Amino acid sequence: MDKQEAKTQVTQALQRLGLLVSRKDMAVLSEFAADADVLLVGSERGEVVEGPAGLRDFFQRVFRSPAHIGWEWRKVRISSSDNIAWLFAEGEVVIVVDARPQRRPYRLTGVLERQHRRWFWKHFHGAEPSA
């Protein structure tokens, strides 16, 4: 796979993840590798989640909240080598509660692995920069 094709497919994986999270769709779990060492580090205290069961519990808890979460990316950088890709995205997290959106700066780093012709998240690390 050439680097441009990998970049396109990883961009699509980033968009799918955002869409599923904004819809509160548990199909989001299928975007992550099924490996025990898959890791999600969210921007809130205590949001360090490992493995498929941890991801399921995390998203169930997040999706029970009245808030709807989405991202708007201004800048996305993607690099790859063989079946591994890593990305950096910078933009805003958009949190909507009672039809009132709140926007905050947000950064995301991620590592994805290509398995069976599809890219899966192995590592997700989101952060709200303090300055």
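In this report, the structure presented in the accompanying data block is examined. (Residues numbered from 1 in each chain as written. Predicted model: local features only at pLDDT ≥ 70, side-chain atom pairs only at ≥ 80, totals over all residues. Heavy atoms only, no water.)

Brief notes about the pattern of salt bridges
Working step 1: Tallied over the full model, the rule gives nine salt bridges.
Working step 2: Note that Lys122 and Asp35 form a salt bridge whose closest N and O atoms lie 2.7 Å from each other. With Lys122 in strand E6 (residues 118–127) and Asp35 in the loop between helix H1 (3–22) and strand E1 (39–41), this residue pair connects regions lying 87 residues apart in the sequence.
Working step 3: Owing to a relative accessible area of 27%, Asp35 belongs among the partly exposed residues under this scheme.
Working step 4: With a shortest N-O distance of 2.9 Å, Arg103 and Glu72 are connected by a salt bridge. Here Arg103 is found in strand E5 (residues 100–115), whereas its partner Glu72 is found in strand E3 (residues 68–81), with 31 residues between them in sequence.
Working step 5: Classification of Glu72 by relative accessible area gives partly exposed; the value is 41%.
Working step 6: Connected via shared salt-bridge partners are Asp35, Asp37, Glu113 and Lys122. (Salt bridge = Lys/Arg side-chain N within 4 Å of Asp/Glu carboxyl O. Helix = DSSP H or I, 4+ residues; strand = E, 2+ residues; numbered from the N terminus. Buried < 20%, exposed > 50% of the residue type's maximum accessible area, 1.4 Å probe, protein only.)

Looking at the packing of aromatic side chains
Working step 1: According to the stated counting rule, one finds eight aromatic pairs in the structure shown.
Working step 2: Look at Trp71 and Tyr106: their rings are 6.0 Å apart centre to centre, the planes differ by 45°, and that puts the pair in the tilted class. Here Tyr106 lies in strand E5 and Trp71 lies in strand E3, a separation of 35 residues in the sequence.
Working step 3: Ring plane angle 50° and centroid distance 6.1 Å describe the contact between Trp71 and Phe124, whose orientation is recorded as tilted. With a gap of 53 residues between them, Trp71 in strand E3 and Phe124 in strand E6 connect regions that are remote in the sequence. Like Trp71, the residue Phe124 is buried in the burial classification.
Working step 4: Within the aromatic cluster, the residues linked to one another by ring pairs are Trp71, Trp73, Tyr106, Trp121 and Phe124. (Phe/Tyr/Trp six-rings, centres within 6.5 Å; stacked < 30°, edge-to-face > 60°.)

Overview of the environment of Leu29
Working step 1: Among the secondary structure elements, Leu29 is positioned in the loop between H1 and E1.
Working step 2: Residues Leu29 and Leu39, spaced ten residues apart in sequence, show a C-alpha to C-alpha distance of 12 Å.
Working step 3: With sequence-adjacent residues up to four places away left out, Leu29 is seen in contact with Leu55, Arg56 and Phe59. (Contact = heavy atoms within 4.5 Å.)

Quick notes on helix H2 (residues 51–64)
Working step 1: The end-to-end C-alpha distance of H2 is 20 Å, a good match for the 20 Å that 14 residues give at a rise of 1.5 Å each.
Working step 2: For H2, every residue scored as buried is listed here: Gly51, Leu55, Phe58, Phe59, Val62 and Phe63. Along the long axis of H2, the arc covered by the buried residues comes to 130°, so they all point the same way.
Working step 3: Against the buried residues of H2 lie H1, E1, strand E2 (48–50) and E3. (Expected span 1.5 Å × (residues − 1). Arc of directions from axis to C-beta.)

That is the geometry; function is a separate question.
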